[in-house]
Amino acid sequence: MSDISKKVIGEIHEKNIKPLSKRYFVVRSTAVWLSLLASVILGGIAVSTEDMFLERANGLINWVSLFLVFSVFLFMTLAYLNVRSTGDGYRYRTVWVVISIILIFIALAVLFRQEGIGDRVESRFDSHCPAISQYCPDRY
Amino acid sequence: MLYGGAAACPYISYYISMRDISDEKLVGLSLGDDKYYGELVDRYEGRLQKYIVRFINCGIEDAQDIVQETFIKAYRNLNNFNPDLKFSSWIYRIAHNEAVNYFRQAKSHKAIAMEDFKLEVFPSGQDLERELGEKMERSMLLDALSRLDTKYKEVLVLRYMEEKDYMEISDILKKPVGTVSSLISRAKKLLIEEVKLKAESNVRYK
């Protein structure tokens, strides 16, 4: 045994260092994946509440929902960080991770819109957060 | 005869059997008995020490402290070792992170002469020179390397001093293989520029 290995084993015994349990890492990994799932779903809902992403407004976008842009950006960032925190997340180039997240957001937004989830969320916002909803587009 | 000899000498049979065990298998065994972990430490402490010195230009004693911290941290996280990954990539990753933390926290950086490892500094030095297409003194290469930004230095050290392939470097630095390739390509160009700049300034002062 070399000097360093004696020191390492000695410190392990002296401080009674134990390997962290497998369960700890499973819980941590599960938390990351759930967080990723939540940020993707919430991002999809955020996109689905905005009609202009999905319908033409006379060919022009008249104005931008500040809160929507902020929330989509926030969920996209969270989703990106969660992907990077997964075991193999580092293997994928940033541009492909971002594009994939955007495509998933759009796909979920279409699904949620068809289910009417976007409208339900938006109407709750109108009634509970009037200060924020003033920045949201008027519904036709 | 070998087996008869081994039966007669338990130490030899222990030594032979330890050497035959793969790193990945030793990780599993270490969870039950830390003597196997000692074997892992013995296998990697020399390599990690050299890597740390080459990477952050610290003294031998500091490198030993970092190596010790690395193995303690690795021991705590043994249950997080992914068997799909090579153990060497995993332990290098932990050592790399510890070295980066040390570098950020250290108040003074005692640079040591890279020539302390002159026999082994550049095992792939000729490959690097060939790839750079330049004939240059090893000392100039090392000097230029020490002046590069960390993100370029780390990939060159791992590729040409530690002789890691792109996939291993990707696993160690947790960066995509494409990014590693781009960094190495860019790092080589910067290295040539640094060497040329130094050569020009040397000529000017002569």
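Residues numbered from 1 in each chain as written. Chains lettered and ligands numbered in written order. Predicted model: local features only at pLDDT ≥ 70, side-chain atom pairs only at ≥ 80, totals over all residues. Heavy atoms only, no water.

### So, the overall build of chain B
Reasoning step 1: If you tally the helices and strands in chain B, you get 11 helices and 0 strands.
Reasoning step 2: Element order for chain B, N to C, with α for helix and β for strand: α-α-α-α-α-α-α-α-α-α-α.
Reasoning step 3: Taking all 206 residues of chain B together, the buried fraction comes to 49%.
Reasoning step 4: Sequence separation of at least 24 residues holds for 61% of the intrachain contacts in chain B that already meet a minimum separation of 6.
Reasoning step 5: When the accessible surface of chain B is summed, it comes to about 10900 Å², and 50% of that surface belongs to carbon and sulfur atoms. (Helix = DSSP H or I, 4+ residues; strand = E, 2+ residues; numbered from the N terminus. Buried < 20%, exposed > 50% of the residue type's maximum accessible area, 1.4 Å probe, protein only. Contact = heavy atoms within 4.5 Å. Areas by Shrake-Rupley, 256 points an atom, 1.4 Å probe, with all protein chains shown as cover.)

### Observations regarding the side chain of D23(B)
All names here are of chain B.
Reasoning step 1: Among the structural elements, D23 can be located in helix α3 (residues 23-30).
Reasoning step 2: A residue is classified by how much of its surface remains accessible, and D23, at 14% relative accessible area, is buried.
Reasoning step 3: A distance of 2.6 Å separates polar atoms of two side chains, one belonging to D23 and the other to R43.
Reasoning step 4: When sequence neighbours within four positions are dropped, the list of residues in contact with D23 reads L40, R43, Y44 and F87. (Polar contact = N/O pair within 3.5 Å; in protein donor to acceptor, adjacent residues only side chain to side chain.)

### Let's talk about the interface of chain A and chain B
Reasoning step 1: On the chain B side, the residues contacting the 22 residues of chain A number 31 residues.
Reasoning step 2: Taking both sides of the interface into account, the surface hidden between chain A and chain B amounts to around 2300 Å²; carbon and sulfur atoms contribute 59%.
Reasoning step 3: Contact with chain B buries surface across chain A, with I4(A), P19(A) and Y90(A) losing the most and accounting together for 28% of the total.
Reasoning step 4: Scanning the region where chain A abuts chain B turns up 1 salt bridge.
Reasoning step 5: Across the pair R91(A) and D171(B) runs a salt bridge whose closest N-O atoms are separated by 3.2 Å.
Reasoning step 6: Here chain A and chain B share 10 residue pairs in polar contact (both at pLDDT 80 or more) between them.
Reasoning step 7: For the side of chain A that touches chain B, the secondary structure elements donating two or more residues are α1 (3-14) and α2 (22-48) of chain A. (Buried area = accessible area lost by both parts, 1.4 Å probe. Salt bridge = Lys/Arg side-chain N within 4 Å of Asp/Glu carboxyl O.)

### Side note on unusual backbone geometry
All names here are of chain B.
Reasoning step 1: Phi at E163 takes a positive value of approximately 55°, unusual for a residue other than glycine.
Reasoning step 2: By the secondary structure assignment, E163 is in the loop between α9 (150-161) and α10 (166-173).
Reasoning step 3: Residue E163 is classed as partly exposed on the basis of its relative accessible area of 48%.
Reasoning step 4: Located in the positive-phi region is K174, a residue other than glycine, with phi close to 55°.
Reasoning step 5: If you trace the backbone, K174 turns up in the loop between α10 and α11 (177-205).
Reasoning step 6: By relative accessible area, K174 is classed as partly exposed at 37%.

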